[in-house]
Amino acid sequence: MAFETAISGLNAATTQLDIASNNIANVNTNGFKQSRAEFSDIYTGSNLGVSSLAVSRGVRTAAITQQFDQGNIKSTNNNFDLAISGGGFFVLSDNGSQVYSRAGAFGVDRSGFVTNSAGQKLMAFQVDAAGLPAGSPVELQIDTSDVAPNATSTIGVGINLRAAAPVVTVTPFDPNVAGSYTNSSSMTFYDSLGGAHDGVLYFVKTAANTYDTHLLMDGVEIPPSASGTLTFGTDGKILTPATGQVAYTSTAVPGAANMAMTLDYAGATPTTQFGDTYSVNALDQNGYTTGRLATIQIDETGQVFARYTNGQSRVQGVVAMANFANPQGLRQAGNNAWIETFGSGVPLVGRGGSARLGTIQAGSLEDSNVNLTEELVKLIMAQRNFQANAQVIQTEDRVTQTLMNMR
């Protein structure tokens, strides 16, 4: 019986050596989670009905469990390197099957899909018009097409006109005659093809608290649809027009759609007439030219922002993450991935920072959580356990030989 007990000990020591060596081999594997062996004794019942004389019959490997504690997070220079700080896994598509991983070394393939070195594709939620996740996760594909231009239609004008400015006496208004206007400010307009046009807005003080406005595009004045006169109250705020807006007639642009613009003097940063100096506080227009993809940025919730050369940005998706009621129940599938089992429970899918899901750190990778010093100590212990059990077999062999040699 001692032979069987010692053999079970040798098997247990071998298992411990296998696990420690695998942990050590993956000490530099991103997102790797170390394993440990859990042993239990083998009990076959009492001896001759006397429980105090019961003898265990060795040891067995009860379970090999993974330790999902956090690994160190290190910075990289790749925006597509992602690390999870907290719980959860990335959701990946492996030829149509879903797998889960903590390894976030991703890149973009020739079709624009975000993949890892094994060709598994990162899954993400599509977004609705408000940029919020919608529907079920799909394979994340980066759209590298240019952003279409947008013609200027509204301009928010936030300017302070000096209250003590003198009334202009040089008439008529002429943009080439400095004395015929009080102040001016330049801006850029965009047509429907993304073409840029030089715009200049002139202010002419005609009476106390009263200014005429003149808008020129490419050196040609655009007439307003109604009055272009601004009047201010004694508090320095606009009285007329009541809406604070001045609309301009549709202007023809060669090869592009006609441009119809409205200047809003009562927006988030309104135009005023205070005693301070003339100052331009805001000139915000909603037009922009064609934009090429400049960079991709991913925030801590997993939103994938595409930023373009024209200053625009768009959300191309939200990285999907999953967690499980029992992560220990996941089964390893290789390539730093796990697959769902009955024991793990169904995946609870969401975005970073929600529920039990951690946050995402872009430009970072999670190191293996293997403690190399601890694993080397385990190697020594496993070696000693193996030697001790081998010694038991040798001792039992000598005892057996002694019995066989008895006369």
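See the structure above.
Residues numbered from 1 in each chain as written. Predicted model: local features only at pLDDT ≥ 70, side-chain atom pairs only at ≥ 80, totals over all residues. Heavy atoms only, no water.

## Remarks on the overall build of the chain
(1) Moving on: The helix and strand tally for the chain stands at 2 helices and 31 strands.
(2) Moving on: Burial statistics for the chain: of 407 residues in total, 38% are counted as buried.
(3) Moving on: Total accessible area computed for the chain in this model is approximately 20,800 Å², and 51% of it derives from carbon and sulfur atoms.
(4) Moving on: If you average the places of the 21 positive and of the 31 negative side-chain charges in the chain, the two averages end up 12 Å apart. (Helix = DSSP H or I, 4+ residues; strand = E, 2+ residues; numbered from the N terminus. Buried < 20%, exposed > 50% of the residue type's maximum accessible area, 1.4 Å probe, protein only. Areas by Shrake-Rupley, 256 points an atom, 1.4 Å probe, with all protein chains shown as cover. Lys, Arg positive; Asp, Glu negative; His and termini not counted. Charge placed at Lys NZ, Arg CZ, Asp CG, Glu CD.)

## Examining the packing of aromatic side chains
(1) Moving on: Under the counting rule described, the total for this entry stands at 11 aromatic pairs.
(2) Moving on: Between the aromatic rings of Phe89 and Trp338, the centroid separation amounts to 5.5 Å while the plane-to-plane angle is 65°, which identifies the pairing as edge-to-face. Here Phe89, found in strand 5 (residues 89-94), pairs with Trp338, found in strand 28 (residues 337-339); they are 249 residues apart in sequence, far enough to count as distant. Per residue, the accessibility class of Phe89 equals that of Trp338, and both read buried.
(3) Moving on: Through a chain of ring-to-ring contacts, the aromatic side chains of Phe68, Phe89, Tyr100, Phe324 and Trp338 assemble into a single cluster.
(4) Moving on: The cationic tip of Lys121 hangs over the ring face of Phe113; the distance from NZ or CZ to the ring centre is 4.1 Å.
(5) Moving on: Against the face of Phe305 rests Arg307, its NZ or CZ located 5.3 Å from the ring centre. (Phe/Tyr/Trp six-rings, centres within 6.5 Å; stacked < 30°, edge-to-face > 60°. Lys NZ or Arg CZ within 6 Å of the ring centre and 35° of its normal.)

## So, helix 2 (residues 372-404)
(1) Moving on: With 33 residues, helix 2 should reach 48 Å at 1.5 Å per residue; the first-to-last C-alpha distance of 48 Å fits that figure.
(2) Moving on: Residues of helix 2 that are buried sit in contact with helix 1 (2-25).
(3) Moving on: A distance of 3.2 Å separates the backbone nitrogen of Thr373 from a side-chain oxygen at the start of helix 2, and that oxygen is part of Asn371. (Expected span 1.5 Å × (residues − 1). Contact = heavy atoms within 4.5 Å. Polar contact = N/O pair within 3.5 Å; in protein donor to acceptor, adjacent residues only side chain to side chain.)

## Brief notes about the sheet that holds strand 18 (residues 245-247)
(1) Moving on: One open sheet accounts for 4 strands, arranged 18-21-11-22; its pairing is mixed. Two strands close off the open sheet at either side, each with one partner strand: strand 18 and strand 22 (279-285). Between one strand axis and the next, the sheet turns by 20° as a mean value, whatever way the strands run.
(2) Moving on: The sheet contact formed by strand 11 (residues 154-160) and strand 21 (residues 262-264) spans 3 bridges and is parallel. Bridged to Thr154 within strand 21 is Thr262. (Pairing = 2+ DSSP bridges. Axes fitted to C-alpha atoms, helices over the stretch in contact; angles between N-to-C directions.)

## Brief notes about a nonpolar patch on the surface
(1) Moving on: Together, Val399, Leu403 and Met406 line one region of the surface with nonpolar side chains, adding up to about 310 Å² of accessible area.
(2) Moving on: Within the element layout of this structure, Leu403 appears in helix 2. (Patch = residues over 30% accessible without salt bridge, like charges linked within 9 Å, V, L, I, M, F, W, Y side chains within 5 Å. Salt bridge = Lys/Arg side-chain N within 4 Å of Asp/Glu carboxyl O.)

## Notes on the environment of Trp338
(1) Moving on: Residue classification places Trp338 among the buried positions, given a relative accessible area of 3%.
(2) Moving on: Between the alpha carbons of Trp338 and Val99 there is a distance of 5.7 Å; along the sequence they are 239 residues apart.
(3) Moving on: Side chain to side chain, Trp338 and Gln66 meet in a polar contact 2.4 Å long.

## Observations regarding the packing of helix 1 against helix 2
(1) Moving on: At a minimum axis separation of 8 Å, helix 1 and helix 2 run at an interaxial angle of 160°. As the angle between them shows, helix 1 and helix 2 are arranged roughly antiparallel. Taken as a pair, helix 1 and helix 2 cross one another with a handedness that is left-handed.
(2) Moving on: Among the residues making up the contact of helix 1 with helix 2, the classes are represented as 17 nonpolar, 9 polar and 4 charged. (Parallel < 35°, antiparallel > 145°, perpendicular 65-115°, else oblique. Left-handed = near helix turned anticlockwise from the far one by under 90°. Nonpolar A, V, L, I, M, F, W, Y, C, P; charged D, E, K, R; others polar.)

## Some thoughts on the pairing of strand 9 (residues 121-127)
(1) Moving on: In this sheet, strand 9 lies alongside strand 5 in antiparallel orientation, the contact comprising 2 bridges. Bridged to Ser93 within strand 9 is Lys121.
(2) Moving on: Where strand 9 and strand 10 (residues 133-139) come together, 4 bridges link them in antiparallel fashion. Each bridged residue has a counterpart across the sheet, and for Met123 the counterpart in strand 10 is Glu139.

## Points about the pattern of salt bridges
If charged atoms from side chains of opposite charge come close, those side chains can pair.
(1) Moving on: Enumeration according to the criterion identifies 7 salt bridges in this entry.
(2) Moving on: Of the charged contacts in the structure, one is a salt bridge between Arg36 and Glu38, with a shortest N-O distance of 3.2 Å.
(3) Moving on: The class of Arg36 is partly exposed, set by a relative accessible area of 40%.
(4) Moving on: For Glu38, a relative accessible area of 29% gives the class partly exposed.

## So, the nonpolar core
(1) Moving on: Among the nonpolar cores identified, the biggest contains 25 residues, and Phe90, Phe106 and Leu122 are the most heavily contacted of them.
(2) Moving on: Those elements that provide at least two residues to this core are strand 4 (82-85), strand 5, strand 9, strand 23 (293-298), strand 24 (303-308) and strand 28.
(3) Moving on: The next biggest cluster of nonpolar side chains, apart from the first, holds 24 residues, and it includes Ile155, Leu161, Ala165 and Met261. (Core = buried A, V, L, I, M, F, W, Y, C linked by side-chain atoms within 4.5 Å.)

## A closer look at the environment of Gly317
(1) Moving on: Mapped onto the secondary structure, Gly317 falls in strand 25 (residues 313-319).
(2) Moving on: Separated by 180 residues in sequence, Gly317 and Pro137 have C-alpha atoms that sit 9.3 Å apart.
(3) Moving on: For Gly317, the contacting residues outside a window of four places in its chain are Phe125, Val127, Gly302, Gln303 and Val304.

## Here we look at the side chain of Ser93
(1) Moving on: On the secondary structure map, Ser93 appears in strand 5.
(2) Moving on: At 3.5 Å, the side chain of Ser93 and the backbone nitrogen of Gly96 are in polar contact.

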